Amino acid sequence: MYLRFVTPLVHPYSRVESGFFRASWYVQRNDCPDWIRQELADQFDWFGEHLPLPGRIARHFKRRDTIWGICWFDPAAREAVSRARYCAWLLEEGGLPVRTITTSRQREVIWRDAHQIVTKPCADLPKAFP
């Protein structure tokens with residue numbers, strides 16, 4: 001089962017609920033305590049050092065629209081998932097709701113590593129916010 005930490009903010013390209021990395025700008029632009037900003041920066045530094053950036057987040061085609069992927073954590077990546085939960089809590093403390101969605105279905109995979117997968121969004125994607 002793969003998991004995502006999503007917000008009610010919609011990603012402009014994939015048109016699905018944005019994950020916490022993408023939505024972290026929210027705390028920078030709103031009246032959020034400095035300790036939350038610093039904690040998020042520290043956690044993002046850890047992710048930058050230990051979680052590889054996806055080598056591919058989209059599929060581009062000559063004759064049709066680009067497919068923008070969405071990232072999911074592999075639950076076996078326990079340290080990354082634990083830190084993601086903490087980041088989600090920090091964002092909520094900063095005023096942005098974050099929910100966890102899961103899927104056990106292998107979707108069309110665009111990219112994968114030991115910690116995460118990038119998949120094509122599909123119609124039956126679980127939604128956390130109405």
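Here, the structure is the one placed above.
Quantities reported herein were computed from a predicted structural model and do not represent experimental measurements.

Reading guide: rules and limits
- Residues numbered from 1 in each chain as written.
- Predicted model: local features only at pLDDT ≥ 70, side-chain atom pairs only at ≥ 80, totals over all residues.
- Heavy atoms only, no water.
- Core = buried A, V, L, I, M, F, W, Y, C linked by side-chain atoms within 4.5 Å.
- Buried < 20%, exposed > 50% of the residue type's maximum accessible area, 1.4 Å probe, protein only.
- Helix = DSSP H or I, 4+ residues; strand = E, 2+ residues; numbered from the N terminus.
- Expected span 1.5 Å × (residues − 1).
- Arc of directions from axis to C-beta.
- Contact = heavy atoms within 4.5 Å.
- Lys, Arg positive; Asp, Glu negative; His and termini not counted.
- Salt bridge = Lys/Arg side-chain N within 4 Å of Asp/Glu carboxyl O.
- Polar contact = N/O pair within 3.5 Å; in protein donor to acceptor, adjacent residues only side chain to side chain.
- Pairing = 2+ DSSP bridges.
- Disulfide = S-S within 2.5 Å.

> Explanation requested: the nonpolar core in the structure shown.
Soluble globular proteins: nonpolar side chains tend toward being buried together. Grouped together as the largest cluster of nonpolar side chains are 20 residues, with contacts concentrated most on F5, F20, L40, F47, F73 and A80. Within the second largest apolar cluster, 9 residues are counted, among which are V6, I101, L125 and F129.

> Would you take a moment to explain helix α3 (residues 34–50) for this structure?
Quick reminder: α-helices carry 3.6 residues per turn. Residues three or four places apart thus point the same way. For α3, which comprises 17 residues, the first-to-last C-alpha distance of 24 Å matches the rise-based estimate of 24 Å (1.5 Å per residue) to within 8%. I36, L40, Q43, W46 and F47 are the residues of α3 that are buried. Projected down its long axis, α3 carries its buried residues within an arc of 115°, all on one side. Exposed and oriented more than 90 degrees from the buried face of α3 are D34, G48 and E49. Each element contacted by the buried residues of α3 is listed here: α1 (20–23), α2 (25–29), β5 (70–73) and α4 (78–93).

> Please explain the side chain of D74 as it appears in this structure.
Relative to the assigned elements, D74 resides in the loop between β5 and α4. There is no salt bridge for the buried D74, and the closest opposite charge comes from R112, which lies 6.3 Å off by N-O distance. A polar side-chain atom of D74 sits 2.8 Å from the main-chain amide nitrogen of A76. Ignoring any residue separated from it by four or fewer positions in sequence, one finds D74 in contact with Y2, V81, A114, H115 and Q116.

> Would you take a moment to explain the pairing of strand β7 (residues 109–112) for this structure?
Here is the key point about a regular strand: its side chains alternate between the two faces of the sheet. In this sheet, strand β8 (residues 116–119) lies alongside β7 in antiparallel orientation, the contact comprising 3 bridges. Directly across from W111, in β8, lies its bridge partner V118. Connecting β7 to the antiparallel partner β8 that follows it, the hairpin turn spans 3 residues.

> Would you explain the state of the cysteines in this entry?
The bond known as a disulfide is covalent and runs between the sulfur atoms of two cysteines. Counted under the stated rule, the structure contains 0 disulfides. No disulfide involves C71; its sulfur sits 14 Å from the nearest other cysteine sulfur, which is in C87. Since its relative accessible area comes to 32%, C71 is described here as partly exposed. Between C122, a free cysteine, and C71, which holds the nearest cysteine sulfur, the sulfur-to-sulfur gap is 15 Å. What makes C122 partly exposed here is its relative accessible area of 27%.

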